[in-house]
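# Summary of structural features
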Amino acid sequence: MDNKKKILAIVEYIIGFILVWNLLDFLYSTFIVKTAYHFSLSQDMLIPLGMMVIILSVQMFGKKK
């Protein structure tokens, strides 16, 4: 894969990861805890980005068989 495709794949991964994280947070707040959903930068952007970087680095740079 060339660099342009890798960068595009990483950007898609970031967007998808954050969308899924926020969707699950919304569903958890609404149906399980039964509180109003509120967006916060640290909880809804920085934590998912940190986790995504760890997961992505393991996937991309891990051992390949």
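Here we summarise the structure given alongside this text. What you see is a predicted model; the values in this text were computed from it and never measured.

### Side note on a nonpolar patch on the surface
On the surface, a nonpolar cluster with roughly 880 Å² of combined accessible area is contributed by Val 20, Leu 23, Leu 24, Phe 26, Leu 27, Tyr 28, Phe 31, Ile 32 and Val 33. Structurally, Tyr 28 is set in helix 1 (residues 3-33).

### Brief notes about the packing of helix 1 against helix 2 (residues 41-61)
Two numbers describe how helix 1 lies on helix 2: the axes approach to 9 Å, and their chain directions differ by 135 degrees. As summarised for this structure, helix 1 and helix 2 are arranged oblique, according to the angle between their axes. Classified by chirality, the crossing of helix 2 by helix 1 is right-handed. Contacts between helix 1 and helix 2 involve Lys 6, Ile 10, Tyr 13, Ile 14, Phe 17, Ile 18, Trp 21, Asn 22 and Asp 25 from the former and Gln 43, Asp 44, Met 45, Ile 47, Pro 48, Leu 49, Met 51, Met 52, Ile 55, Leu 56, Gln 59 and Met 60 from the latter. Residue composition of the contact of helix 1 with helix 2, grouped by class: 15 nonpolar, 3 polar and 3 charged.

### A few points about the side chain of Asp 44
If you trace the backbone, Asp 44 turns up in helix 2. Here Asp 44 is buried and forms no salt bridge, its nearest opposite-charge partner Lys 34 lying at an N-O distance of 19 Å. With residues near it in sequence (within four places) discarded, Asp 44 still touches Ile 18, Trp 21, Asn 22, Asp 25, Tyr 37, His 38 and Phe 39.

### Overview of unusual backbone geometry
One non-glycine residue, Lys 34, adopts positive backbone phi at about 60 degrees. Inspection of the secondary structure puts Lys 34 in the loop between helix 1 and helix 2. Since its relative accessible area comes to 64%, Lys 34 is described here as exposed.

Calculation criteria
Residues numbered from 1 in each chain as written. Predicted model: local features only at pLDDT ≥ 70, side-chain atom pairs only at ≥ 80, totals over all residues. Heavy atoms only, no water. Patch = residues over 30% accessible without salt bridge, like charges linked within 9 Å, V, L, I, M, F, W, Y side chains within 5 Å. Areas by Shrake-Rupley, 256 points an atom, 1.4 Å probe, with all protein chains shown as cover. Salt bridge = Lys/Arg side-chain N within 4 Å of Asp/Glu carboxyl O. Helix = DSSP H or I, 4+ residues; strand = E, 2+ residues; numbered from the N terminus. Axes fitted to C-alpha atoms, helices over the stretch in contact; angles between N-to-C directions. Parallel < 35°, antiparallel > 145°, perpendicular 65-115°, else oblique. Left-handed = near helix turned anticlockwise from the far one by under 90°. Contact = heavy atoms within 4.5 Å. Nonpolar A, V, L, I, M, F, W, Y, C, P; charged D, E, K, R; others polar. Buried < 20%, exposed > 50% of the residue type's maximum accessible area, 1.4 Å probe, protein only. Lys, Arg positive; Asp, Glu negative; His and termini not counted.

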